[in-house]
Amino acid sequence: MFDDRQAHHGNLIGISSLSAGYPVETATLRVYMFIDYCSVNIYPVASEAGMILLKVNGATHQVDADPATPLLWVLRENLGLTGVKYGCGVAACGACTVHVNGEAVRSCTLPVASAAEAEIVTIEGLAASAGMSANALHPVQKAWIDVQVPQCGYCQSGMIMTTAALLKKTPKPTDADINAAITNLCRCGTYPRVRRAIRTLAEQV
Ligand code: FES
Ligand code: FES
């Protein structure tokens, strides 16, 4: 299952072949991806602005944003939470995964208005959401270091957030549980180490 995704992911992340199979405005998406990789923050966040209440990592924010703006951009651009990554923009890769009321959610396709007043957690607040100090590492983050999961790291905050949500509900997941939950894509092919880290965490329960 993971192996199939590796080939698929080449089309998702390769800028020159980004349009393959995806009904999106590809020229725009290419530009957005290029800009994101260059860390230049010029995404259009609001066109018809309105104040929206967001609870993120335990703090309440009033953000001035178009209600239809994807939550991803509000987290990154309005709140500076750049641990949330943009990969595909079409809910296919999982790089943008955050927790919304405890569920792993792909924030690139969730209108910010739909998350108003929900409890949102990003990778920056993961440890605190588990009752740890803000500077501590969540057990999933520790396991990621122990197993040396990341390669380039771009997909990994999404992988960690998805894993944390899985293990909270299912502390000892089967392979089938892992396959069903971890549908995130990794162009570096870290899937075997992701699985090893999850198994390590399950053995500690
Ligand atoms: S950026 Fe790929 S799923 Fe959201
Ligand atoms: S994309 Fe590089 S570690 Fe996943």
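Residues numbered from 1 in each chain as written. Chains lettered and ligands numbered in written order. Predicted model: local features only at pLDDT ≥ 70, side-chain atom pairs only at ≥ 80, totals over all residues.

Draft legend 1. Structural context of the overall build of the chain. Looking only at helices and strands, the chain has eight helices and five strands in total. Taken over 205 residues, the chain has a buried fraction of 38%. Within the chain, residue pairs in contact and separated by at least 24 positions form 58% of the contacts whose partners lie at least 6 positions apart. (Helix = DSSP H or I, 4+ residues; strand = E, 2+ residues; numbered from the N terminus. Buried ≥ 20, exposed ≤ 12 C-beta atoms within 10 Å, placed from the backbone. Contact = placed C-beta atoms within 7 Å.)

Draft legend 2. Geometry of the pairing of strand E1 (residues 50-56). Sheet topology places E1 next to strand E2 (residues 59-65); seven bridges connect them, and they run antiparallel. Opposite Leu-53, over in E2, you have Gln-62 as the bridge partner. Counting the residues that bridge the hairpin from E1 to E2 gives two residues, and of these Asn-57 lies at a positive phi of roughly 50°. Here E1 runs beside strand E5 (residues 119-121); their pairing, made up of two bridges, is parallel. By the bridge assignment for E5, Lys-55 is matched with Glu-119. (Pairing = 2+ DSSP bridges.)

Draft legend 3. Region of interest: unusual backbone geometry. Of note in the backbone geometry, Ala-91 takes a positive phi value of approximately 60° without being a glycine. Inspection of the secondary structure puts Ala-91 in the loop between helix H3 (71-78) and strand E3 (97-100). Of note in this structure, Asn-101 is not a glycine but carries a positive phi near 50°. Its place among the elements puts Asn-101 in the loop between E3 and strand E4 (103-106). Since 12 C-beta atoms lie within 10 Å of it, Asn-101 is described here as exposed.

Draft legend 4. Spatial organisation of the nonpolar core. Counting 50 residues, the largest nonpolar core has Leu-72 and Met-161 as the members making the most contacts within it. At seven residues, the largest contribution of residues to this core is made by helix H6 (residues 156-169). Discounting residues that sit within four places of it in the chain, Met-161 has contacts with Thr-97, Val-98, His-99, Ala-104, Ile-123 and Leu-126. (Core = buried A, V, L, I, M, F, W, Y, C linked by C-beta atoms within 7 Å.)

Draft legend 5. Region of the structure containing the confidence of the model for the chain. Here the chain averages 82 in pLDDT, and 76% of its residues register 70 or above. Ignoring residues within four places in sequence, the model shows residues 1-47, a span with pLDDT below 50, making 50 contacts including any to other chains. (pLDDT = per-residue confidence, 0-100.)

Draft legend 6. A look at the sheet that holds E2. Ordered by their spatial adjacency, five strands build an open sheet running E2-E1-E5-E3-E4, and the pairing between neighbours is mixed. The sheet is open, and its two borders are formed by E2 and E4, each paired with just one other strand. When the angles between neighbouring strand axes are averaged without regard to direction, this sheet yields 45°. Those strands touched by H3 are E1, E2 and E3, and its axis lies near 105° from that of E2. Sheet strands touched by H6: E3 and E4. Its angle to E3, the strand with the most contacts, is close to 35°. (Axes fitted to C-alpha atoms, helices over the stretch in contact; angles between N-to-C directions.)

Draft legend 7. Structural detail: the packing of helix H5 (residues 139-146) against helix H8 (residues 191-203). Relative to each other, H5 and H8 sit at 125°, their axes nearing to 9 Å. The angle between H5 and H8 falls in the class oblique. Handedness of the crossing formed by H5 with H8: right-handed. Across the interface between the two elements, Pro-139, Val-140, Ala-143, Trp-144 and Asp-146 of H5 pack against Ala-197, Thr-200 and Leu-201 of H8. When the residues that make up the contact of H5 with H8 are grouped by side-chain class, the tally is six nonpolar, one polar and one charged. (Parallel < 35°, antiparallel > 145°, perpendicular 65-115°, else oblique. Left-handed = near helix turned anticlockwise from the far one by under 90°. Nonpolar A, V, L, I, M, F, W, Y, C, P; charged D, E, K, R; others polar.)

Draft legend 8. Here's a closer look at the environment of Gly-87. Assignment of secondary structure puts Gly-87 in the loop between H3 and E3. Classification of Gly-87 by C-beta neighbours within 10 Å gives buried; the count is 26. Spatially, the C-alpha atoms of Gly-87 and Cys-155 are 7.9 Å apart, while their sequence positions differ by 68 residues.

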